[in-house]
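A structural walkthrough
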Amino acid sequence: MITWRNGTVSRTRREWPGAVELDVAVDGAPTRPVRALAYPALTGCPRPGDRVLLNTTALDLGLGTGGYALVVAVPDRLPPDPELAGHLVKARYTPLQATVAGADEQGSPHHDVLRDADDIGGMPVVVADLHSALPAVLAGVFSEAERSGVSGPPNGSAPRVVYVMQDGGALPAWFSRTCATLRDAGWLAATVTTGQSFGGDLETVTVHTGLLAARHVLGADIAVVAQGPGNLGTGTRWGFSGVAAGEAVNAVAALGGRPVASLRVSDTDPRERHRGVSHHSLTAYGRVALARAQVVVPELGGEFGDLVASGAAGLGGRHEIVTVPVDGLEAALRGCPARLSTMGRGLDEDLAYFLAAAAAGRHAGRLLLQLSGFWGLSPA
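Read on for a plain summary of the structure. Computed from a predicted structure; not experimentally measured.

**Re the overall build of the protein chain**
A tally of regular secondary structure across the protein chain gives 11 helices and 19 strands. Taking 2.2 N^0.38 as the reference for a compact globule, 380 residues should give roughly 21 Å; the C-alpha atoms of the protein chain span a radius of gyration of 21 Å, in line with that estimate. Dimensions along the principal axes, computed over C-alpha positions, put the protein chain at roughly 60 × 50 × 40 Å. By the burial criterion, 54% of the 380 residues in the protein chain qualify as buried.

Okay, structure coming up:
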């Protein structure tokens, strides 16, 4: 189940909050260094010359998003014992289970707030299947803010957007260079990691307490719920990690929020099941989501736009279909500080995918304006 290798760090490639990328010479193949990733909070920070223990399984399988060797330990230079400030165990009962301080656990400074919190006060929440939708959703939110005469981040009065990360993809939030870049640019206020995922600004047990923490602790005006980088799919109707998008719609509705469903669409994906409206969206929103959401259909025009609209129409029996124009959104996407990529395809290779996510962000921005009369809801 795991391919183990020993190696020696030859150089540090780059770093971002929570992660460091390395070149490692693997024993037995020293002339072919592999690209490896370490999370210093778990292993300590490896330096050139350090011996490291690697898990090379994802690399050996040729996975795209997860195509790294992962540093499991620096055996000759173990990190100091951490302060065990919290009692939430994530990645439970794996060799790398980590103890974190949960926002919702007893002893947390936020426990009293979250113990009594039961509602997110109509907050718009965009739900998406893939992590790659996150920067595009934010581009749509801030594009709508600018259209409404509000200056954007990092110094303007645009809405606070919080990412609530599910655990269907990467478990460490540190894996996401997207989150790090969006945070540095002032586009993303914070990340809340839920379930088995960890490494966010706040840790919570469930998506429900993640949403409550986003609203009541972090003062979010809009939240985005999606899994971390990576996606597990089997080519079957039910066997994909993005099915949790439907459960997220239910959680948002249960807490009195406004669920906004972002469609996964593509006109270039080579797999027929993802052309037009992906079967992931049709299953998650059409079968799993029992609560009513507003499903955003981007007004793409042409034959492909008709294909997307007809594919989404079947969701109208359960949800409200909202058609959103995409004028100006391509420019907003091109101004995004984070690299746009989905399944290895960039903005020019799969523009429709990113326009659909940006349209959902635009609609969430409009909902916020309608609900509050101005940008920025007061804390509930």
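**Some thoughts on the pattern of salt bridges**
In total, this model carries 22 salt bridges according to the counting rule given. Here Asp23 and Arg11 are joined by a salt bridge, their closest N and O atoms 2.6 Å apart. Of this pair, Asp23 sits in strand β2 (residues 19-26) while Arg11 sits in strand β1 (residues 4-16), and the two are 12 residues apart along the sequence. Assessed through its relative accessible area of 44%, Arg11 is described here as partly exposed. Ionic contacts of the salt-bridge type, sharing partners, join the residues Arg11, Arg13, Arg14, Glu21, Asp23 and Arg35 into one network.

**Quick look at the sheet that holds strand β4 (residues 51-55)**
Strands sit in the order β1-β2-β3-β5-β4 around a closed barrel of five strands; the barrel is mixed. On average, each strand axis in the sheet is tilted by 55° relative to the strand beside it, whichever way the strands run. Looking at chain direction, β2 and strand β3 (residues 29-38) are connected through six bridges and run antiparallel. Following the sheet pairing, Asp23 is matched in β3 by Arg35.

**Focus: the nonpolar core**
Nonpolar side chains tend to gather and get buried jointly when the protein is soluble and globular. Counting 48 residues, the largest nonpolar core has Leu138, Leu182, Trp187 and Leu333 as the members making the most contacts within it. When contributions to this core are tallied by element, the ones reaching two or more residues are α4 (133-147), β9 (161-166), α5 (177-184), β12 (222-227), β17 (320-325), α10 (329-334) and α11 (351-372). Residue contributions to this core peak at 10 residues, all from α11. Non-local contacts of Trp187, meaning those with residues more than four positions away in its chain, are made with Pro135, Leu138, Ala139, Phe142, Pro153, Val161, Leu182, Gly335, Cys336 and Pro337. Among the nonpolar cores identified, the runner-up in size contains 45 residues, and Leu202, Ala213, Ala291 and Ala293 belong to it.

**Here's the deal with the side chain of Arg345**
Considering the arrangement of structural elements, one finds Arg345 in strand β19 (residues 345-346). Side-chain polar atoms of Arg345 contact the side chain of Asp350, separated by 2.9 Å. Here Arg345 is in contact with Ser266, Thr268, Asp269, Pro270, Leu340, Asp350 and Phe354, once residues within four sequence places are set aside.

**Details of helix α8 (residues 279-288)**
Here α8 lies mainly inside the structure; seven of its 10 residues are buried. Buried within α8 are the following residues: His279, His280, Ser281, Thr283, Ala284, Tyr285 and Val288. On its buried face, α8 sits against β8 (124-127), α7 (244-254), β13 (258-262) and β15 (276-277). For α8, the side-chain oxygen to backbone nitrogen distance between the N-cap and His280 is 3.0 Å, and the N-cap itself is Ser278.

**So, the layout of surface pockets**
The volume enclosed by the second largest pocket comes to roughly 580 Å³. In this structure, the second largest pocket is lined by 24 residues; those nearest its centre are Ala41, Leu42, Pro82, Ala98 and Thr99. Sorting the residues of the lining of the second largest pocket by element identifies α1 (40-43) and β7 (98-100) as the ones contributing at least two each. Here the lining of the second largest pocket is composed, by residue class, of 16 nonpolar, five polar and three charged.

**Overview of the packing of aromatic side chains**
Per the counting criterion, the structure on display carries five aromatic pairs. Relative to Phe175, the ring of Tyr68 has its centre 5.9 Å away and its plane inclined at 90°; by these criteria the two rings are edge-to-face. Of the two residues, Tyr68 sits in the loop between α2 (57-61) and β5 (69-73) while Phe175 sits in the loop between β9 and α5, which places them 107 residues apart along the sequence. Judged on exposure class, the residue Tyr68 and its partner Phe175 are both buried. Seen in terms of ring centroids, Tyr353 and Phe354 are 4.9 Å apart; in terms of plane orientation they differ by 85°. Their pairing is edge-to-face. By the burial criterion, Tyr353 is buried, and Phe354 matches it. Connected via pairs of aromatic rings, a cluster forms that spans Tyr39, Trp174 and Phe198. Taking the ring centre of Tyr68 as reference, the NZ or CZ of Arg35 above it sits at 4.1 Å. The aromatic ring of Trp16 is capped on one face by Arg177, whose charged end is 5.1 Å from the ring centroid.

**Details of the side chain of Arg264**
As for its position among the elements, Arg264 is in the loop between β13 and β14 (265-266). A distance of 3.2 Å separates polar atoms of two side chains, one belonging to Arg264 and the other to Asp129. Side-chain polar atoms of Arg264 contact the side chain of His280, separated by 2.9 Å.

**Some details on the sheet that holds strand β11 (residues 202-203)**
Spatial strand order, β11-β10-β9-β12-β8-β13-β16-β17: eight strands in an open sheet with parallel pairing. At either end of the open sheet lies a strand with only one pairing partner, and these are β11 and β17.

**Quick notes on the pairing of β1**
Bridging between β1 and β4 involves five bridges; their strand directions are antiparallel. By the bridge assignment, Thr8 is partnered in β4 with Arg51. The sheet contact formed by β1 and β2 spans eight bridges and is antiparallel. Residue pairing across strands places Arg11 opposite Asp23, the latter belonging to β2.

Cut-offs used in this document
Residues numbered from 1 in each chain as written. Predicted model: local features only at pLDDT ≥ 70, side-chain atom pairs only at ≥ 80, totals over all residues. Heavy atoms only, no water. Helix = DSSP H or I, 4+ residues; strand = E, 2+ residues; numbered from the N terminus. Rg over C-alpha atoms; globule rule 2.2 N^0.38 Å. Buried < 20%, exposed > 50% of the residue type's maximum accessible area, 1.4 Å probe, protein only. Salt bridge = Lys/Arg side-chain N within 4 Å of Asp/Glu carboxyl O. Pairing = 2+ DSSP bridges. Axes fitted to C-alpha atoms, helices over the stretch in contact; angles between N-to-C directions. Core = buried A, V, L, I, M, F, W, Y, C linked by side-chain atoms within 4.5 Å. Contact = heavy atoms within 4.5 Å. Polar contact = N/O pair within 3.5 Å; in protein donor to acceptor, adjacent residues only side chain to side chain. 1 Å grid on protein atoms, 1.4 Å probe; cavity = no way out; pocket = protein on both sides within 12 Å on 5 of 7 lines; lining within 4 Å. Points joined across faces, edges and corners; volume = space filled by probe spheres on them. Nonpolar A, V, L, I, M, F, W, Y, C, P; charged D, E, K, R; others polar. Phe/Tyr/Trp six-rings, centres within 6.5 Å; stacked < 30°, edge-to-face > 60°. Lys NZ or Arg CZ within 6 Å of the ring centre and 35° of its normal.

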